[in-house]
Amino acid sequence: MAHSVPPAWFVARMAELGPFGPDDPALPPVALAVSGGGDSLCLAWLARHWRTNLRALVVDHGLRADSAQEARLTFDRLTHMGVPARVLTLTDLARGAGMAARARQARYRVLLDACRAEGCVNLLLGHQADDQAETAFMRRRAGSGPDGLAAMGWVTIRGGVRLVRPLLGVSRLALRNTLREAGLAWVDDPSNEDRRAERVRVRHALAASPAHLSPSGLPDEQHKPPGLTPDTHPVAPAAPVAGLAASPGGTALSARGQYWVLAMQAGTRRMARETARAQAFARQVALLPHGWARLGAVLPCPDLMQVLVRCVGGLDYPPPLSSVASLCAHPREATLAGARLVRWRDEWVLIREQADIAPPVAAHDRAMWDNRFRLVLPPAWNTALLGETRPDPMSADPASRDPAPSDLISHALPSSGRVASGRVSASPAPAGQALSNGVSSGPNGVFCNSGGSDASCLSHGVGVCRESVDGLTVGAAGFGLPRAVRAGWPAAFCATLPALRWRGKLVSIPALGWEQAGWEGASALFCPSMAATGGGLYGCRESAPAHYVCPAY
């Protein structure tokens, strides 16, 4: 029988995974992702013994008829536990192919958005030792590289938030024993027993005793897990991992225990590689805020190139190391996993692949585009873009129309000039005076007439007229930017940059410092979902069985 988890153990573990800020209600809380299942609910119970300034985030995927009721039940249980909670409801998740992966991505998106909205630096997750063993098994079976075998980290960074997994050394059974001892109930998600899902099949495979393995590691016919048919793609029970048949204390390990130890050992080696990778990165690579990487005259080693492709390509996971190694062995201009390798001025540069770039999305403060850039808008823009319900911008009464950003921030601009094409231009012409090529001036600055094109506006360094802020999007700048706007960068590079458009008219390319008059102050921060040089914590933390280094089953 597995142990239960003492709160004192959890408090000691959190001290190792910090630093965390003071437990002060005046500061942003530590967030927890709580589904209502046994793992995450036990995490909340343990965390309540660690600190009081917490915020539990409950995601309702809306995929099952009972999901809203279960989310409310979980909210009530957390409230009774003394943990403030908030329910996040997904409304745009459709059924269909790849639903599990899409649900996971959507879940992380809303969780991270909620953390950033509340200023939470840390998000605690309930992944536990069984999850870690299953992940290591699946990655080994898929031929994952050495970093992949490290499975999940105790700490990883995603979207500017620290994801902390303090329960990776505790078995699922131990967490449920803890809840039983505390007299707490939890929600069982029926999808966790749906053997159409790979992870569920792997879970049952790891539950098979190593004694039932043939010398090849495949199951004996009489010991196949029940309930599997060819249609459910059975997974063979795990073969023993070489050198990991026993724990440090000599106790025989189950298949799950062996794959857990495999992940921990791979994690320790990963930490050593990430240290070396960071040193090589500092010597050779310049990662630019434009979302490009300058690599020098000679390509970096495949290990470093792999993480750079993931970073520049906006991927959550790195591409296969074999593909990257092939490119490094025979350097050439090529595309790989959403990134494009080009030769420019006697050096290699990694940029985003234009054909794979994300479509435009609605622009608002903190909007994420292409899984790489986060938009930051001035407060005055937020008032116009995200404020209360506004009058119809086409109302007959001009006084009732919503002000455009230029109107809201014009008082903050110097009267002697306006920002245009990345430089300060002279004061606009007198109000109402017509300029050439469809350009005219008005009380709030210089604007293009509604028929002007991107190119004509850019060439004159002036803004686009607008009656309201409806229709503002962020997407790729595209081709056709004048040389002066590109600041010496190649057109193919600049085409991948994030740009703001209002009703189809280009008004800002923040990375180039180019802004139409009246649209000043927006930023697009390059923040890929995963850091290029680590920032995580993997591998063995302790070696004593009492500290759950090898979870009991």
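Residues numbered from 1 in each chain as written. Predicted model: local features only at pLDDT ≥ 70, side-chain atom pairs only at ≥ 80, totals over all residues. Heavy atoms only, no water.

Participant: Give me the sheet that holds strand 14 (residues 373-376): which residues, what numbers.
Facilitator: If you walk across this open sheet you meet the three strands as 13-14-24, and the pairing is antiparallel. A strand with exactly one partner marks an edge of an open sheet, and here the two such strands are strand 13 (368-369) and strand 24 (523-526). (Pairing = 2+ DSSP bridges. Helix = DSSP H or I, 4+ residues; strand = E, 2+ residues; numbered from the N terminus.)

Participant: So, helix 10 (residues 302-313): which residues are in play, and what are the values?
Facilitator: Along its twelve residues, helix 10 runs 16 Å from first to last C-alpha, staying within 8% of the 16 Å computed at 1.5 Å per residue. Phi for Gly 314, located one or two positions after helix 10, is positive at around 70°. (Expected span 1.5 Å × (residues − 1).)

Participant: How would you summarise the pattern of salt bridges if you had to cite specific residues and measurements?
Facilitator: Throughout the structure, instances matching the rule amount to 24 salt bridges. Arg 172 is the salt-bridge partner of Glu 134, the closest N and O atoms lying 3.7 Å from each other. Of the two residues, Glu 134 sits in helix 5 (residues 129-141) while Arg 172 sits in helix 7 (residues 172-182), which places them 38 residues apart along the sequence. When the shortest N-O distance is used, the salt bridge between Glu 274 and Arg 270 registers 2.9 Å. Of this pair, Glu 274 and Arg 270 both sit in helix 9 (residues 255-284), separated by four residues, roughly a single helical turn. Overall, Glu 274 belongs to the buried group, its relative accessible area being 7%. In this structure Arg 270 comes out as buried when scored by relative accessible area, which is 9%. (Salt bridge = Lys/Arg side-chain N within 4 Å of Asp/Glu carboxyl O. Buried < 20%, exposed > 50% of the residue type's maximum accessible area, 1.4 Å probe, protein only.)

Participant: Report on the side chain of Arg 176, specifying residues and quantitative values.
Facilitator: For Arg 176, the position within the fold is in helix 7. You can call Arg 176 buried: its relative accessible area is 15%. A distance of 2.7 Å separates polar atoms of two side chains, one belonging to Arg 176 and the other to Asp 39. Look past the residues within four positions of Arg 176 in its chain and what remains in contact with it is Gly 38, Asp 39 and Trp 186. (Polar contact = N/O pair within 3.5 Å; in protein donor to acceptor, adjacent residues only side chain to side chain. Contact = heavy atoms within 4.5 Å.)

Participant: Break down the environment of Pro 166 for me, with residues and values.
Facilitator: Checked against the element boundaries, Pro 166 lands in the loop between strand 6 (161-164) and helix 7. Relative accessible area serves as the criterion here: at 0%, Pro 166 is assigned to the buried category. The spacing of Pro 166 and Arg 13 is 153 residues in sequence and 6.7 Å in space, taken between C-alpha atoms. Excluding residues within four positions of it along the chain, Pro 166 makes contact with Trp 9, Phe 10, Arg 13, Met 14, Leu 17, Leu 43, Leu 125 and Trp 154.

Participant: Outline the nonpolar core, supporting the account with residue identities and numerical values.
Facilitator: Phe 10, Leu 32, Trp 50, Leu 78, Leu 124 and Leu 167 are the most contacted members of the largest nonpolar core, which has 54 residues in total. Setting aside residues up to four positions removed in sequence, Trp 50 forms contacts with Phe 10, Val 11, Met 14, Phe 20, Val 30 and Leu 124. (Core = buried A, V, L, I, M, F, W, Y, C linked by side-chain atoms within 4.5 Å.)

Participant: Outline unusual backbone geometry, supporting the account with residue identities and numerical values.
Facilitator: Glycine aside, residues mostly have negative phi, and peptide bonds are mostly found in the trans state. Residue Pro 19 is bonded to the preceding Gly 18 through a cis peptide linkage, with omega at 10°. Relative to the assigned elements, Pro 19 resides in the loop between helix 1 (7-16) and strand 1 (30-33). Positive phi outside glycine occurs at Ala 337, with the angle close to 50°. Position of Ala 337 relative to the elements: it lies in the loop between strand 9 (334-336) and strand 10 (339-344). Despite not being glycine, Arg 366 has its phi angle at roughly 75°, a positive value. Assignment of secondary structure puts Arg 366 in the loop between strand 12 (361-362) and strand 13. Take Arg 366: its relative accessible area is 40%, and that puts it in the partly exposed class.

Participant: Would you mind going over the pairing of strand 2 (residues 54-60) in detail, with residue names and values included?
Facilitator: Strand residues, when the strand is regular, have side chains that alternate between the two faces of the sheet. Counting buried positions over the seven residues of strand 2 gives six, a clear majority of the element. As judged from the four bridges shared by strand 1 and strand 2, these two strands associate in the parallel manner. Following the sheet pairing, Leu 32 is matched in strand 2 by Ala 56. For the crossover from strand 1 across helix 2 (residues 38-48) to strand 2, the handedness is right-handed. Alignment of strand 2 against strand 3 (residues 85-89), held across five bridges, turns out to be parallel. Across the sheet, the residue bridging to Val 58 is Val 87, located in strand 3. On the question of chirality, the crossover connecting strand 2 to the parallel strand 3 by way of helix 3 (residues 67-81) is right-handed. (Right-handed = clockwise from strand over helix to strand, strands pointing away.)

Participant: Could you give an account of the confidence of the model for the protein chain, with specific residues and numbers?
Facilitator: Per-residue confidence for the protein chain averages 77 on the pLDDT scale, and 73% of its residues sit at or above 70. Here residues 211-240 is a poorly scored stretch, pLDDT under 50, and it has 46 contacts once near neighbours within four places are set aside; other chains count. With pLDDT under 50 throughout, residues 542-553 is counted as low confidence; its partners more than four residues away or in other chains account for 31 contacts. (pLDDT = per-residue confidence, 0-100.)

Participant: Break down the packing of aromatic side chains for me, citing the residues and quoting the values.
Facilitator: The description of an aromatic ring pair rests on the distance of the ring centres and on the angle between the ring planes. Going through the model one piece at a time under the given rule, you end up with ten aromatic pairs. Centre to centre, the rings of Phe 10 and Trp 50 are 6.5 Å apart; their planes meet at 80°, and the pair counts as edge-to-face. Of this pair, Phe 10 sits in helix 1 while Trp 50 is found in the loop between helix 2 and strand 2, placing the two residues 40 residues apart along the sequence. Among the residues examined, Phe 10 registers a relative accessible area of 0% and is labelled buried. Taken together through their ring pairs, the aromatic side chains of Trp 292, Trp 344, Trp 489 and Phe 493 make up a single cluster. Directly above the ring of Trp 50 sits Arg 51, whose terminal nitrogen or CZ lies 4.6 Å from the centroid. (Phe/Tyr/Trp six-rings, centres within 6.5 Å; stacked < 30°, edge-to-face > 60°. Lys NZ or Arg CZ within 6 Å of the ring centre and 35° of its normal.)

Participant: Describe the sheet that holds strand 12, and please don't skip the residues or the numbers.
Facilitator: Read across the open sheet, the five strands follow the order 12-20-21-22-23; overall the sheet is antiparallel. Since the sheet does not close on itself, it has two edges, and those belong to strand 12 and strand 23 (514-515), each with one partner. The pairing of strand 22 (residues 505-509) with strand 23 spans two bridges and is antiparallel. Within strand 23, the position partnered with Ile 509 by the bridge is Trp 514.

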